[in-house]
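Remarks on the overall topology
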Amino acid sequence: MENTIIKEAITIPTTTKWCEEDVLKLGPHFHKFNGKSNQYDRVTHFSLTDQEKLKKLNGIGAIKKLHICLALDNPNKNEVTFCPYLDINGERFDLTPETNGSFRNEPEGILTAEESAKVPAIFRNMIWENWEEVEMHLIDDLFHCKDTDGFLKRVEYFIITPNMFVLINELIKSGISAINLYPGIDMNKFNQKNRISFTPVLGFTTTTSLLKSDHFGIVESNGNETLVEYSLPCPPTC
């Protein structure tokens, strides 16, 4: 049954565009043109803040499936057209792109310099530095790998593994007020042609802090945001 759900999910038009886009044209989808600076701003994160969707999420009882699905809208240099969404128990939760400045040392960014210093080094290095600094023409490489026969494969979605569900269901019971998807890069996989080096991180904000360092795949952030880093790319892991 699970495989049936997956096959149905990837026929959504925006996901089909992701699968069919030219291998060298993914990078621009993560940028929007800034008329003031006359440069392109790179997306910093994606947010789920729709109150109706959050209400529905908090009322589902328990997560049995959580996929981060990759998708594209029509090309538009004035907008970020990479539009990932969450597939939670078979229902789509769209995420809105944010390009509000650098993660580091800028007051309009997600965190101030003082706040970012409190964030664990693993997360800070993966998100702040690797994603922010990678060249646009290398972004395509983050989503591709070669299988054992040498054929190029593109990741279509990331699977949050069931061992994470216990913690996430605890967060739901507490009441999730926002979800952020942070683009990340695992540089240990970057030069390995058989590995996907793009590493998404989900941040769950709750009204009370439930951060736990003893869960595998969890890193702590400041405030009430719990970060889930561990996921499996499909393909090649499915």
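The coordinates are above.
All values reported here derive from a predicted model rather than from experimental measurement. For every chain, the first residue of the written sequence is number 1, and numbering continues from 1 onward in sequence order. Owing to the predicted nature of the model, reporting of local features is limited to residues with pLDDT of at least 70; listing and counting of side-chain atom pairs is limited to 80 or more, with chain, interface and lining totals taken over all residues. Hydrogen atoms and water are omitted, and side-chain values are computed over all heavy atoms in the structure.

**Notes on the environment of Thr205**
Rule in force here: What counts as a helix is a DSSP run of H or I of at least four residues, what counts as a strand is a run of E of at least two, and both are numbered from the N terminus. Partly exposed describes any residue whose relative accessible area lies between the buried limit of under 20% and the exposed limit of over 50%, with all areas from a 1.4 Å probe on protein chains only and scaled to the type maximum. In what follows, a contact means two residues having at least one pair of non-hydrogen atoms within 4.5 Å.
With respect to the element layout, Thr205 can be found in strand S12 (residues 201–206). Of the residues examined, Thr205 reaches a relative accessible area of 22% and is grouped as partly exposed. Each C-alpha atom, one on Thr205 and one on Ser174, is 9.8 Å from the other, the two residues being 31 residues apart in sequence. Setting aside chain neighbours within four positions, we find Thr205 in contact with Gly175, Ile176, Ser177, Ala178, Asn224 and Glu225.

**So, unusual backbone geometry**
Residue Pro235 is bonded to the preceding Cys234 through a cis peptide linkage, with omega at -15 degrees. Relative to the elements of secondary structure, Pro235 occurs in the segment after strand S15 (232–234). In the Ramachandran plot, Asn38 falls in the positive-phi region, its phi being about 60 degrees despite a non-glycine side chain. Here Asn38 shows up in the loop between strand S1 (31–34) and strand S2 (39–42). With a phi angle near 55 degrees, Asn89 is a residue other than glycine that sits in the positive phi range. Checked against the element boundaries, Asn89 lands in the loop between strand S5 (85–88) and strand S6 (91–94).

**Thoughts on the nonpolar core**
A general tendency of soluble globular proteins is for nonpolar side chains to be buried together. The test is simple: The definition of a nonpolar core used throughout is a set of buried Ala, Val, Leu, Ile, Met, Phe, Trp, Tyr and Cys residues joined through side-chain atoms within 4.5 Å.
One finds Leu66, Leu86, Phe143, Ile160, Ile168, Leu202 and Phe204 to be the most contacted residues of the largest nonpolar core, which totals 42 residues. Among the secondary structure elements, those contributing two or more residues to this core are strand S3 (45–48), helix H3 (51–58), strand S4 (66–69), S5, helix H6 (165–174), strand S11 (176–182) and S12. A per-element tally of this core places H6 first, with four residues. Every residue in contact with Phe204, bar those within four places of it in the chain, is listed here: Leu66, Ile168, Leu171, Ile176, Ala178, Ile179, Asn224, Glu225, Thr226 and Val228. Ala71, Cys83, Ile159 and Cys234 belong to the second-largest nonpolar core, a separate cluster that totals seven residues.

**Notes on the packing of aromatic side chains**
Quick note on the threshold: Within 6.5 Å between ring centres, the rings of Phe, Tyr and Trp (the latter by its six-membered ring) count as paired, and their orientation is classed by plane angle as stacked under 30 degrees, edge-to-face over 60, tilted in between.
In this structure the tally under the stated criterion is 11 aromatic pairs. Summarising the aromatic geometry, the rings of Trp18 and Phe143 are spaced 5.1 Å apart at their centres and angled 80 degrees between planes, so their arrangement reads as edge-to-face. One end of the pair, Trp18, is in helix H2 (residues 13–20); the other, Phe143, is in the loop between helix H5 (121–133) and strand S8 (144–146), and 125 residues separate them in sequence. Given the relative accessible area of 0%, Trp18 is considered buried.

**Digging into the environment of Val23**
As for its position among the elements, Val23 is in the loop between H2 and S1. Given a relative accessible area of 32%, Val23 falls into the partly exposed group. Ignoring sequence-local partners within four residues, the contact set of Val23 consists of Asp140, His144, Leu152 and Arg154.

**What about the state of the cysteines?**
The condition is simple: Here, two cysteine sulfur atoms that lie within 2.5 Å of each other are counted as a disulfide.
Applying the stated criterion across every chain yields a total of one disulfide. Each disulfide pairs two cysteine sulfurs, and for Cys234 the partner residue is Cys238, the sulfurs being separated by 1.5 Å. As the torsion about the S-S bond is roughly 70 degrees, the Cys234-Cys238 disulfide counts as right-handed. What makes Cys234 buried here is its relative accessible area of 4%. Just so you know, Cys69 is unpaired, no disulfide at all, and the nearest cysteine sulfur is the one on Cys234, 9.9 Å from it. You can call Cys69 buried: its relative accessible area is 4%.

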